[in-house]
Amino acid sequence: QVQLVESGGGFVQAGGSLRLSCEASGRTFSSYGMGWFRQAPGKEREFVAGITWKGRSTNYADSVKGRFTISADNAKNTVYLQMNSLKPEDTAVYYCAADRLGIGRKVESYDYWGQGTHVTVSS
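Residues numbered from 1 in each chain as written. Predicted model: local features only at pLDDT ≥ 70, side-chain atom pairs only at ≥ 80, totals over all residues. Heavy atoms only, no water.

(A) Summary view of the packing of aromatic side chains. Applying the stated criterion across every chain yields a total of six aromatic pairs. Taking 5.6 Å as the distance between ring centres and 80 degrees as the angle between the ring planes, the aromatic pair formed by Phe 37 and Phe 47 counts as edge-to-face. Here Phe 37 is found in strand 4 (residues 33–39), whereas its partner Phe 47 is found in strand 5 (residues 46–52), with ten residues between them in sequence. Comparing Phe 37 with Phe 47, the two get one shared label, buried. Ring centres 6.4 Å apart and planes at 80 degrees place the aromatic pair Tyr 95 and Trp 113 in the edge-to-face group. Remark: Trp 113 occurs in strand 10 (residues 112–113) and Tyr 95 occurs in strand 9 (residues 92–99); sequence separation between them is 18 residues. Given the relative accessible area of 24%, Trp 113 is considered partly exposed. (Phe/Tyr/Trp six-rings, centres within 6.5 Å; stacked < 30°, edge-to-face > 60°. Helix = DSSP H or I, 4+ residues; strand = E, 2+ residues; numbered from the N terminus. Buried < 20%, exposed > 50% of the residue type's maximum accessible area, 1.4 Å probe, protein only.)

Put into structure tokens, the structure is as follows:
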């Protein structure tokens, strides 16, 4: 099995920054695609960013492009989401997920999920 644990969420004022971490453990995941999703109250879960462990291919949602950066540290089995220039509309629960087939943009593409970490951005 693959287990994912997110951390780094919290409260921040608009314009501030946070770095989320997702530590992966369990059986091999080197070929997996890793993604960050978020879900705001009353809204559907949406794709934020994705990365492959090998090759470092990435993709981003238009809403975060230029502000967020996804990265991976293979030695630590950890994926990060650096969030800069945060806006109130970024407020959501952020989830780390693993797609064994690559980097998908759909919730249905992902096989493993973390418990989520809360991010609240105040104006």
